[in-house]
Amino acid sequence: MQRGLRNAKTPNQVKEEKNSAAKDLAVAAAKIIGIGLVAGTALVVGTNRVMKKLFGKNGQAQVEADEKEALEEADE
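In what follows, the accompanying structure is described. (Residues numbered from 1 in each chain as written. Predicted model: local features only at pLDDT ≥ 70, side-chain atom pairs only at ≥ 80, totals over all residues. Heavy atoms only, no water.)

Moving on, we get to the overall build of the protein. The helix and strand tally for the protein stands at 2 helices and 0 strands. Relative to its 76 residues, the protein shows a buried fraction of 1%. Carbon and sulfur atoms make up 59% of the accessible area of the protein, which amounts to about 7,300 Å² in all. (Helix = DSSP H or I, 4+ residues; strand = E, 2+ residues; numbered from the N terminus. Buried < 20%, exposed > 50% of the residue type's maximum accessible area, 1.4 Å probe, protein only. Areas by Shrake-Rupley, 256 points an atom, 1.4 Å probe, with all protein chains shown as cover.)

A grouping of V50, M51, L54 and F55 is seen on the molecular surface, where their side chains present a nonpolar patch of about 360 Å² in accessible area. Within the secondary structure, F55 sits in helix α1 (residues 11-55). (Patch = residues over 30% accessible without salt bridge, like charges linked within 9 Å, V, L, I, M, F, W, Y side chains within 5 Å. Salt bridge = Lys/Arg side-chain N within 4 Å of Asp/Glu carboxyl O.)

Here the focus is α1. Compared with the 66 Å implied by 1.5 Å per residue over 45 residues, the 65 Å span of α1 between its first and last C-alpha is a close match. Trailing α1 by a residue or two, G56 shows a phi angle of about 75°, which is positive. (Expected span 1.5 Å × (residues − 1).)

We now examine a negative patch on the surface. A cluster of acidic side chains, namely E64, D66, E67, E69, E72, E73 and D75, defines a negative patch on the protein surface. Here D66 lies in helix α2 (residues 60-75). Among the residues examined, D66 registers a relative accessible area of 40% and is labelled partly exposed. (Lys, Arg positive; Asp, Glu negative; His and termini not counted. Charge placed at Lys NZ, Arg CZ, Asp CG, Glu CD.)

Right, dumping it as structure tokens:
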């Protein structure tokens, strides 16, 4: 009796394992991309909120107005 043939796989079994591995890899990649997309979106939204709190809705115009107001108060 030959020793190595007992656990030998047929070409169809090898092909099924490769397809299964490729499918598992694709699912894992999709999950990683999904998590990255959600995390990136949360980061952008959070940063946007922080910037609005720091600079107001008008952005740089609000900062300049605040500086001008502070200078006027200092002159008085």
